[in-house]
Structure formats: structure tokens, C-alpha cells
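# Fold and contact review
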Amino acid sequence: MTVDKKGAGNAVEIRVKDPVTIVIFGASGDLTHRKLIPALYTAYTQNLLPENFTIFGFARRDYDDEIFRGIMADAIKEFSRLPAAEETVMRFVAHIRYHKGDISNPNTYAELTEKFKNGEVYPANRLYYLSIIPSLFETAVSSLKQSGLIAPPGSSHWTRVVIEKPFGKDLASAKALNATLLRHLDESQIYRIDHYLGKETVQNILSFRFANAIFEPVFNRSYVDHIQITASETVGMESGRGGYYDEYGAIRDMVTNHLLELLCLVTMEPPGDLSAEAIRNEKVKVLNAAKLDIHKDISDAVVRGQYGRGVAPDGNPIKGYLEEDRIDPNSNTETFTAMRLKIDNWRWAGVPIFLRTGKRMAKKATEISVQFKVPPLQLFQQVECEEDVCDITRIKPNTLIFRIQPDEGIFLKISTKRPGMRFVVEDVKMDFSYSGTWKKSLPEAYERLLLDTLHGDSTLFTRSDEVEAEWRVVQPMFDHFDELKLFPYKPNEWGLVEADRLFHKMESSWRNQ
Ligand code: BG6
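For clarity, every value in this text was computed on a predicted model and none was experimentally measured. (Residues numbered from 1 in each chain as written. Predicted model: local features only at pLDDT ≥ 70, side-chain atom pairs only at ≥ 80, totals over all residues. Heavy atoms only, no water.)

## A short note on the overall build of the chain
- The helix and strand inventory of the chain stands at 12 helices and 20 strands.
- The globule rule puts the C-alpha radius of gyration for 513 residues at 24 Å, and the 24 Å found for the chain is close to it.
- By principal-axis analysis of the C-alpha atoms, the chain measures approximately 80 × 50 × 45 Å.
- By the burial criterion, 54% of the 513 residues in the chain qualify as buried.
- Look at the contacts in the chain between residues 6 or more apart in sequence, and 77% of them connect residues 24 or more apart.
- For the chain, the exposed area adds up to about 23,100 Å²; of that, 51% sits on carbon and sulfur atoms.
- When the 65 positive and 72 negative side-chain charges of the chain are each reduced to one mean point, those points stand 2 Å apart. (Helix = DSSP H or I, 4+ residues; strand = E, 2+ residues; numbered from the N terminus. Rg over C-alpha atoms; globule rule 2.2 N^0.38 Å. Buried < 20%, exposed > 50% of the residue type's maximum accessible area, 1.4 Å probe, protein only. Contact = heavy atoms within 4.5 Å. Areas by Shrake-Rupley, 256 points an atom, 1.4 Å probe, with all protein chains shown as cover. Lys, Arg positive; Asp, Glu negative; His and termini not counted. Charge placed at Lys NZ, Arg CZ, Asp CG, Glu CD.)

Structure follows, in C-alpha cells:
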């Protein structure tokens, strides 16, 4: 198999050539139904999977091939992005098998080995997808290794292992997990998945920055006032997630992966080329320069909140976090966090970076906004209107917004003369939207990422040192956790007022839109 060295997307939309057996551990779970199988189905309908492939669902439930195929066919019909014609679905599920097994039982691996003996039936290139709780990662990987089911790099057939987050709970556990995985696998075989990196809009951050010459010269401390990254969600603890979430909380669930990955893409230096290593090297460099912006104590830089009871827009009551299913009624877990970081490097010194994420907030929105400085001379006055009422205000700074989801696009807010006899300016938006430009649905993150694993392109996956660098950024919070108060907030709002104080001494505030 030849890996496209240029990485970053060149491999995709080319049919995978290598025959492969995909084994999904934890196949009875939500991820397999909602994401993995529908994504593989879409790739299949677009003729992107190899001619010869088998997908094994591996779980403890008492299914057989037929039952599992039926469940997967239903999942495709419910969750596939593209229309699921009965005949195509049936052709696809004919590639699916079920293996009933227990990850902790050595006999399971002996059975798998027996099954896989004949490489003619089940291709010897293997993709193991570990959609299981992290405490089982080591058991699964070491058992596969001991059973001879992992081919070392350089063999005639490849083995790749996809790992789902969380990659640890803090810096020490992330290091321990990396060490464990690396005892059994080579780094090049490990694909740590962060589904944000598979989003079309997230990949576009790099193209936008480095395929256009006009923005890069102003992406630095001379022109940028600050950067905000928000991932707000309206959901609470649906689909039985409480057990996992209560153990991890917003910081571990969203910051030490998705938000810090967004931060990397928007602040990293241009890579020398588009290879996985060049891009990941730059990400690690910027993460190593990123720190919580602590002046006196940790609460200068971090705010934590937990949603209380509320009322939904339709008038129905919303449970408080502590009343949700599988949540400890005395839980101290945050469902909202906001933080202020700094990046101690030549490009970004002195530019505050704000991150914010939460459940049960006013709106589902993920965006990065880069706010530029106001012009040095305030020649104009700005008009700001809300419906018919207009006000004269100070001129508004330019803001560049990467809208990750929904309403995917990139917007630039600029001041322009308002038509009329007076010389006043108004804030307007220059925008590029995906829906207006391409008029077709965007690929799901998992479609892209699964195809990348089959192509052997690790550009959009997190390297071990990158994971550790992410934990290093937030580790001071865990070291001083007792000093961080947990504030209550109301559902359907923008989180905590306390998060505003992160902007102290600045004229700006959170962009709540
Ligand atoms: C997951 C988190 O990684 O990302 C969830 O575990 C969160 O808690 C989800 O809801 C958000 O993803 P998206 O793609 O909807 O922004």
C-alpha cells in the first residue's frame, strides 16, 4: 500500500485498494449504530471501500451474523447521510459478520485467531476500532498482540488500531496510556480519533489560512486583539451518557481534545508541507507554548459551572444536572467551562485566547472568532441598530469567524459606510457559506476519518506527544482543582456571568450568537 505522503486529504475520494477486515470492538454501542456503520455505508455507496472487505462487530451480546446485520441495516436507514436504498443496504450488510466475545477473555482471541487463519476469506490487513471504555484498551491491545493478531510495521499486511477518546484523565494517566499502547504498537499504527478533525469546516481552517496570502500577514499579535473559541450545546445528558460524563466533565470531554485542536489549527505556524508529521509537529509546538493565563491564582484563568433546573423554550421543565440519569446527586462535575490562555511565542505573545464550552446553553454553535484590533485613529463613528432603534457607538473591530457548525462558513465582519448624507459606518458581514456555495450535504466526520485510517493517512489523528501537550496545558487546573468554585447556571443561556470576568480590563466580551 502506498501512503500519499502529502496527507491532508489527498488520499480521500480515491478508492481504498487494500483488502481489509475491520473489527469493531464495542459493536453493540451507540457509536457503531449512529456513526461508524452509516459512515462505512456511505463510503461503500460512493465506491470508496475496497472490493474485498469484511466488517466484524465484536461485542458480548448474544447476536449472530443475521441478527447483527438486521440491526445494522436499521441503523443505516435511520442514520445514513445519503438515501439508503434497500438493495444497496442489503449488498453492504452482506459484508458484515458478528463475533460474540468478551474483551477480557483470552478464549475470545483464540477464536478470532482461528477465524482469521484463512486470509483468503477475511483479508489479513486489519483495522481494529476500539469503541470501548478506556480501562479496557490495554487488555484489548495486549491480547491482540499476544494472539499474533497485530502485524508489526513493515510486515506484508498492516494492522491499525483506532482509539476513541478520552485519552487519559490528566497528564499522568495520558502518559501512562501512551506508554501502554506503545508497548504493543508502533506510533504509526495508532489512530487516536478526534472527530472534530474530520469536520469539513475544521479542515478548512488550514486551507483558509495557508492557501490565501491575504490573511496570514495579519494573524499575529500586531493585528489580533484576541481569539475566542466556543462550542456550546443545547443538549444535556441524553442517551444515558451521564455515567461517562459525570466522571469526566466539560474540561476533559471537550477542552483537552476538540477545543485545543481548534486552537492549534488557528494559531499554529504554517507547516513545511502537508505531511502528517509536518502538521502534527507544528501543532505540538504551539501547544507547548500555550498556557493558562494565570496571574495570581487559577481562578484568574478558569471558570467552571454546572447547569441547574430550567424551562425549555417550549415550556417544558428541564432537569438540573444533579437530577439527570446516572449522575451523582452531589456531583461536583462541571458542565460548563471557560478559560483564558496565552501563547508564549513570537507570533501570539500578549494575545488572550478564550475557550468556552458547555451543555444546556442557549444555542448549538461551534465557532472560532478572531477579533482584530481597532484602527489606530478613530475617524468614524459607528451606527448600531437593533430593529428601528439606532445608536452611535465606538467603531467595531473587524472579526473573522470560522463557523464550524451549524451554518458552516467563514464570515468577516467589517465596517462600511452607511448609505446617506452622514459619514458614519455600520458593521456588515462578508460571508462564505458552505450551503450557499456547494449545495450538497457535507461528509460526516467519521466518513472522512475512517477512510483515512484505511488509506493509512494519520494527518487528522492525534499523535501521542500532541495528546500529552494538550493535557499539559490544562494540568494546572487539576493541580488546583479545590480552588476552583463551581457556579450554577441556568439552562438556555450563555453559561455563567462569571465567565465575563476573564475579559477583565478588556473592552470585549463573549460573542453570544
Ligand atoms: C463529543 C463529546 O466528543 O463531542 C460530547 O463527548 C459532545 O459530549 C460532542 O456532545 C459534540 O460533538 P459535535 O460534533 O456535536 O459538536
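What follows continues from the structure just given.
## As for the packing of aromatic side chains
- One pass over the full model with this rule turns up 30 aromatic pairs.
- Between Phe-219 and Trp-348 the ring centres are 6.4 Å apart and the planes differ by 70°, which places this aromatic pair in the edge-to-face class. Within this pair, whereas Phe-219 is found in the loop between α7 (200–211) and β7 (224–232), its partner Trp-348 is found in the loop between β12 (336–343) and β13 (353–358), the two being separated by 129 residues in sequence. Grouping residues by exposure puts Phe-219 and Trp-348 together as buried.
- Taken together, a centroid distance of 6.1 Å and an interplanar angle of 45° make the contact between Trp-471 and Phe-478 tilted. Judged on exposure class, the residue Trp-471 and its partner Phe-478 are both buried.
- Ring pairing ties together the aromatic residues Tyr-245, Tyr-307, Tyr-321, Phe-336 and Tyr-489, which thus form one cluster. (Phe/Tyr/Trp six-rings, centres within 6.5 Å; stacked < 30°, edge-to-face > 60°.)

## Points about the pattern of salt bridges
- For the coordinates displayed, the defined rule picks out 34 salt bridges.
- The partner of Arg-463 in a salt bridge is Glu-277, with the nearest N and O atoms 2.5 Å apart. Of this pair, Arg-463 sits in the loop between α11 (445–455) and α12 (464–479) while Glu-277 is found in helix α9 (residues 276–289), placing the two residues 186 residues apart along the sequence.
- Accessibility expressed as a relative area gives 38% for Glu-277, which makes it partly exposed.
- Notably, a salt bridge pairs Lys-413 with Asp-427, separated by 3.6 Å at the nearest N-O pair. Highlighted residues: Lys-413 in strand β18 (residues 409–417) and Asp-427 in strand β19 (residues 424–433), separated in sequence by 14 residues. (Salt bridge = Lys/Arg side-chain N within 4 Å of Asp/Glu carboxyl O.)

## Details of the pairing of β12
- For β12, the buried fraction is high: seven of the eight residues fall into the buried class.
- Relative to β12, strand β8 (residues 290–292) runs antiparallel, the two sharing three bridges. Bridge pairing in β12 places Leu-292 opposite Leu-341.
- Direction of pairing for strand β9 (residues 302–307) relative to β12: antiparallel, over a ladder of four bridges. From the neighbouring strand, Val-303 faces β12, where its bridge partner is Ala-338.
- Looking at chain direction, β12 and β13 are connected through six bridges and run antiparallel. Within the sheet, the bridge partner assigned to Ala-338 lies in β13 and is Arg-356. (Pairing = 2+ DSSP bridges.)

## Some details on the site of the ligand
- Close to the ligand lie Lys-165, His-195, Tyr-196, Lys-199, Glu-233, Arg-241, Asp-253, Met-254, His-258, Lys-359, Lys-364 and Gln-405.
- At 3.0 Å, a side-chain N or O of Lys-165 approaches an oxygen atom of the ligand.
- His-258 is positioned such that a nitrogen or oxygen atom in its side chain is 2.6 Å from an oxygen atom of the ligand.
- Burial of the ligand by the surrounding chains reaches 81%, relative to a free accessible area of 400 Å².
- Split into classes, the residues belonging to the shell around the ligand amount to two nonpolar, three polar and seven charged. (Near = heavy atom within 4 Å. Polar contact = N/O pair within 3.5 Å; in protein donor to acceptor, adjacent residues only side chain to side chain. Nonpolar A, V, L, I, M, F, W, Y, C, P; charged D, E, K, R; others polar.)

## Some remarks on unusual backbone geometry
- Residue Pro-166 is reached from Lys-165 by a cis peptide bond, and omega for that bond is 5°.
- You can see Pro-166 is positioned in the loop between β5 (159–164) and α6 (171–184).
- Residues Gln-405 and Pro-406 are joined by a peptide bond in cis, for which omega reads -20°.
- Topologically, Pro-406 is positioned in the loop between β17 (399–405) and β18.
- With a phi close to 70°, Lys-505 is a non-glycine residue in the positive phi region.
- Its location among the elements puts Lys-505 in the segment after β20 (486–489).

## Some words on the side chain of Glu-233
- Considering the arrangement of structural elements, one finds Glu-233 in the loop between β7 and α8 (242–267).
- Classification of Glu-233 by relative accessible area gives buried; the value is 13%.
- A polar atom in the side chain of Glu-233 sits 2.9 Å from the side chain of Lys-359.
- The contacts of Glu-233, once residues within four sequence positions are left out, are Met-254, Gly-358, Lys-359, Arg-360, Met-361, Lys-363 and Lys-364.

## Structural notes on the sheet that holds β5
- Strands sit in the order β3-β2-β1-β4-β5-β6 across an open sheet of six strands; the sheet is parallel. Two strands lie at the open edges of the sheet, namely β3 (96–100) and β6 (190–193), each paired on one side alone. Each neighbouring strand pair of the sheet contributes to a mean axis angle of 20°, computed without reference to strand direction.
- In the sheet, strand β4 (residues 126–130) pairs with β5 via five bridges, with the strands oriented parallel. Bridge assignment links Leu-130 to a residue of β5, and that residue is Ile-163.
- Each of β1 (20–25), β2 (53–59), β3, β4 and β5 is contacted by helix α1 (residues 30–45), which is oriented at about 165° to β1, the strand it contacts most. (Axes fitted to C-alpha atoms, helices over the stretch in contact; angles between N-to-C directions.)

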